[in-house]
Amino acid sequence: MPAITEALNSGDKYIPQYARNDFSLSLIANTILYGEKVEDYVDLYEMGMKIYNEIAKKPEIPNREQLKTMADDKTREALEVNKDNIQSKSLKSKGVNEEE
């Protein structure tokens, strides 16, 4: 996970020495990925949230127009593939080699 790696490489700014073990890093990663908060480990949750807010790359969520364009592009692509497949099958059934 790039955010954890960057946090570990930045000294004690995000993750102090006592939290640099498999268990603590796992809880921090779960916070970053899922927002998980374990009751007895609030400090690790806060570290994870700080990393999430300051380092982690947020996914870009497309707006409605971008989603429509993406769907139209995929539909157009699928239609072209189907058209090519139909033409290829038609030529083969007629005994025509496509490379000719």
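You'll find the structure just up there.
Residues numbered from 1 in each chain as written. Predicted model: local features only at pLDDT ≥ 70, side-chain atom pairs only at ≥ 80, totals over all residues. Heavy atoms only, no water.

Colleague: What am I meant to see in helix α3 (residues 42-54) here?
Modeller: Owing to its 3.6 residues per turn, the α-helix aligns residues three or four sequence positions apart on the same side. In a regular helix each residue adds 1.5 Å, so 13 residues correspond to 18 Å; α3 covers 18 Å between its end C-alpha atoms and thus fits that length. Turning to α3, its buried residues are L44, M47, G48 and I51. Looking straight down α3, one finds its buried side chains confined to an arc of 95°; they lie on one side. Residues of α3 that are exposed and point over 90 degrees away from its buried face: E46 and N53. (Helix = DSSP H or I, 4+ residues; strand = E, 2+ residues; numbered from the N terminus. Expected span 1.5 Å × (residues − 1). Buried < 20%, exposed > 50% of the residue type's maximum accessible area, 1.4 Å probe, protein only. Arc of directions from axis to C-beta.)

Colleague: Would you mind showing me how to read helix α1 (residues 2-9) here?
Modeller: Of all the positions in α1, only A3, I4 and A7 are classed as buried. Summarising the axial view, the buried residues of α1 lie within an arc of 100°, below the 170-degree limit, and thus occupy one face. Structural note: α1 exposes P2 and N9 on the side pointing more than 90 degrees away from its buried face. Looking at the buried side of α1, the elements it contacts are α2 (22-34) and α3. Positive backbone phi, approximately 70°, marks G11, located one or two places after α1. (Contact = heavy atoms within 4.5 Å.)

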